[in-house]
Amino acid sequence: MAIGQLAHKLAAEGRSVIHMEYGQPSTSAPAAALAKAHEVLDHEAQGYWESAPLKERIARHYAETQGVTIRPEQVILTCGASPALVLALMSGFAPGARIACARPGYVAYRNSLRALHMECVEVPCGAAERYQISAAALAALDPAPDGVILASPANPTGTIIPPQEMAAIAAVCARRGIRIISDEIYHGLSYTGPCVSALVHAPDALIVNSFSKYFSMPGWRLGWLVAPDDLVDAAYARMSNLFLTPPVLAQHAGLIAFDCAEELEGHIATYAANRAAMLAALPALGLARIAPPDGAFYIWADIGHLTNDSMAFCTRLLEETGVACAPGVDFDPVDGHRFMRFSFAVSTQLVEEAIARMVPWFARQG
Ligand SMILES: Cc1ncc(COP(=O)(O)O)c(C=O)c1O
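If you're wondering where the values come from, they're calculated on a predicted model, not measured in any experiment.

J.: How should I be thinking about helix α4 (residues 81-92) in this particular structure?
T.: Because an α-helix packs 3.6 residues into every turn, residues spaced three or four apart end up facing the same way. Its 12 residues place the ends of α4 16 Å apart at the C-alpha level, agreeing with the 16 Å of an ideal helix rising 1.5 Å per residue. For α4, the set of buried residues is Ala-81, Pro-83, Ala-84, Leu-85, Val-86, Leu-87, Ala-88, Leu-89 and Ser-91.

In structure tokens:
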């Protein structure tokens, strides 16, 4: 947040800033979804409402992409993945529950757990583990945690849990009574192979997802939770009490977004080009130790040879080049001081401009 604020301050002062600190698409919602929203705004009252067709469409999505059958009633529409995570935690676990999370990981996991009086059992995941929780790591936790939050592709690393490892994780969790929450918000954004839902191997998992990444609709505040049969009522009750319903406009637009594959695949082609440009530039930046960027739109880089203070490093990078990036401390309170995250969800032209600015700057740091 501090880097984002500084970036906006510099931009307001007339500096040219390239935003590679944010984990969000820079494109708008698909054109047909926007058109639908305009139409709905003109003709419909905006009350509390849940779209039955959208729930059905999401259920169909799992059948088509994962070969998994779920009932539309298991889909709880939410105002993004963030409330879906809160619902998953509150309906699946009690205060005091111990939930395993990969470190590095998305900062809201740790903070939401703390807010709900649950314990975050951080599992240090390094390069050898591709920065992901493994079946072996879960089997070794003593005592077994009550739950685990998986993220594949992950933020901040973009790494994907391979299908056979996902199966092994589900088997360990079934054996040890560990309930899975799978944050699948980056599904659809992969460069090395398909993303496998935890539902394929763990029918009792809670699945968090949203329209914020693949569908390019972060500000529309629309997402969903897939709850297993034993938790549907609990999750639905919490949604209704804490958040009511997601925006009507977003629900109509989201349904149409499912039919906008051609436009959305165009964004992925841009991300793929940006990823290739970044990977080609990393040697010139002197960054050799990176997480394999299988998916999402991130590169997680070890900058330990250049700094012991990623926040100060990213601040200087921004001040001196106008390129804003996220310091690793946001994602890893222990080792994040020697990591940074590049987000390449901007245009290819901006990625190329950022590289041109960063190469001479990084050369001076060595
Ligand atoms: C891994 C992960 N989960 C959840 C979220 C929250 O997304 P939403 O906008 O759907 O609330 C983000 C946002 O960046 C994220 O990176």
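J.: Just to check I follow, could you spell out the domain arrangement of the chain for this structure?
T.: When the parts of a complex come together, some accessible area is lost, and that lost area is often taken as the interface size. Domain boundaries in the chain define domain 1 (2-29 + 262-365) and domain 2 (32-257). Between domain 1 and domain 2, the C-alpha centre-to-centre distance is 26 Å. Domain 1 puts 31 residues into the contact, and the matching count from domain 2 is 32 residues. Surface buried jointly by domain 1 and domain 2 totals about 2700 Å² across both partners, of which 59% is contributed by carbon and sulfur atoms. Broken down residue by residue, the surface that domain 1 buries against domain 2 is led by Ala-29, Leu-264 and Asp-294, which jointly contribute 24%. Counting the contacts that link domain 1 with domain 2 gives three salt bridges. Residues Arg-130 and Asp-294 are paired through a salt bridge, measuring 2.4 Å at the closest nitrogen-oxygen approach. If you look at where domain 1 meets domain 2, you find 18 residue pairs in polar contact (both at pLDDT 80 or more). Listing elements by their share of the side of domain 1 that touches domain 2, those giving two or more residues are α10 (261-285), β9 (298-302) and β11 (339-343).

J.: Explain the pattern of salt bridges to me, please; I cannot follow it from the model alone.
T.: Opposite charge on two side chains permits pairing when their charged atoms draw close. Throughout the structure, instances matching the rule amount to 17 salt bridges. Measuring nitrogen to oxygen at the nearest pair gives 3.8 Å for the salt bridge that ties Arg-57 to Glu-64. Given a relative accessible area of 11%, Arg-57 falls into the buried group. For the salt bridge of Asp-302 with Arg-289, the shortest nitrogen-to-oxygen distance reads 3.1 Å. Of the two residues, Asp-302 is situated in strand β9 and Arg-289 in the loop between α10 and β9; the sequence distance between them amounts to 13 residues. Because the salt bridges share partners, they merge into one network encompassing Arg-103, Arg-110, Glu-122, Asp-332 and Asp-335.

J.: Whenever I open this one, the site of the ligand confuses me. Can you help?
T.: Among the 13 residues in the neighbourhood of the ligand, the closest are listed as Ala-81, Ser-82, Asp-183, Tyr-186 and Lys-213. Contact distances for the ligand include 2.7 Å between an oxygen atom and a backbone N or O atom of Ala-81. Between the ligand and Ser-210, the relevant distance is 2.8 Å, taken from an oxygen atom to a side-chain nitrogen or oxygen of the residue. Its free accessible area being 400 Å², the ligand has 90% of it covered by the protein chains. For the shell around the ligand, a count of residues per class yields five nonpolar, five polar and three charged.

Parameters and conventions
Residues numbered from 1 in each chain as written. Predicted model: local features only at pLDDT ≥ 70, side-chain atom pairs only at ≥ 80, totals over all residues. Heavy atoms only, no water. Helix = DSSP H or I, 4+ residues; strand = E, 2+ residues; numbered from the N terminus. Expected span 1.5 Å × (residues − 1). Buried < 20%, exposed > 50% of the residue type's maximum accessible area, 1.4 Å probe, protein only. Domains from an automatic or database assignment. Contact = heavy atoms within 4.5 Å. Buried area = accessible area lost by both parts, 1.4 Å probe. Salt bridge = Lys/Arg side-chain N within 4 Å of Asp/Glu carboxyl O. Polar contact = N/O pair within 3.5 Å; in protein donor to acceptor, adjacent residues only side chain to side chain. Near = heavy atom within 4 Å. Areas by Shrake-Rupley, 256 points an atom, 1.4 Å probe, with all protein chains shown as cover. Nonpolar A, V, L, I, M, F, W, Y, C, P; charged D, E, K, R; others polar.

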